[in-house]
Amino acid sequence: MRIRCPFCGERSHAEFSYLGDAAPTRPNIGTRATVPDTTLFVDYVYMRDNSPGVMREYWQHVGGCRSWLIVERNVTTHAISNVASAREQVLAATEGEHP
Ligand SMILES: [Zn+2]
């Protein structure tokens, strides 16, 4: 499998490290002043869908620029349909949330 890093170009998957599913979002489990609902956080950490088809996954280019990437990959065929910088996607998604 080959992954096209947006910064380095196409490279062998051996240069990358897989982190996992990029779909789950971290839940707000409250503050220290309140008793947090840890069930939400346990589900976030451990419960994952394992379905065939296209998934968004976090990968890091450890053998290159060390950037974190979001790779859209068919987990059945390993065909990659899109690779993007995770940093840029998070910044675009959270634009305007922080002063
Ligand atoms: Zn790279």
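An account of the accompanying structure is given in this report. (Residues numbered from 1 in each chain as written. Predicted model: local features only at pLDDT ≥ 70, side-chain atom pairs only at ≥ 80, totals over all residues. Heavy atoms only, no water.)

## Quick word on the pattern of salt bridges
- With the rule as written, the count across this model stands at 4 salt bridges.
- Across the pair arginine 2 and glutamate 10 runs a salt bridge, and its minimum N-O distance is 2.9 Å.
- Residue glutamate 10 is classed as partly exposed on the basis of its relative accessible area, which comes to 36%.
- Arginine 73 is the salt-bridge partner of glutamate 57, the closest N and O atoms lying 2.8 Å from each other. Taken together, the positions of glutamate 57 in strand β4 (residues 54–60) and arginine 73 in strand β5 (residues 68–74) put the pair 16 residues apart, joining distant regions of the chain. Taken as a pair, glutamate 57 and arginine 73 share a single burial class, namely buried.
- Via salt bridges that share partners, Arg2, Arg4 and Glu10 belong to a single interconnected network. (Salt bridge = Lys/Arg side-chain N within 4 Å of Asp/Glu carboxyl O. Buried < 20%, exposed > 50% of the residue type's maximum accessible area, 1.4 Å probe, protein only. Helix = DSSP H or I, 4+ residues; strand = E, 2+ residues; numbered from the N terminus.)

## Quick notes on the nonpolar core
- Ile3, Cys5, Phe16, Trp59, Leu69, Val71 and Val83 together form the largest nonpolar core, which totals 7 residues.
- For this core, the secondary-structure elements that each account for two or more residues are β1 (2–5) and β5.
- Contacts of leucine 69, omitting those with residues within four sequence positions, involve Cys5, Pro6, Phe7, Phe16, Glu57, Tyr58, Trp59, Val83, Ala84, Ser85 and Ala86. (Core = buried A, V, L, I, M, F, W, Y, C linked by side-chain atoms within 4.5 Å. Contact = heavy atoms within 4.5 Å.)

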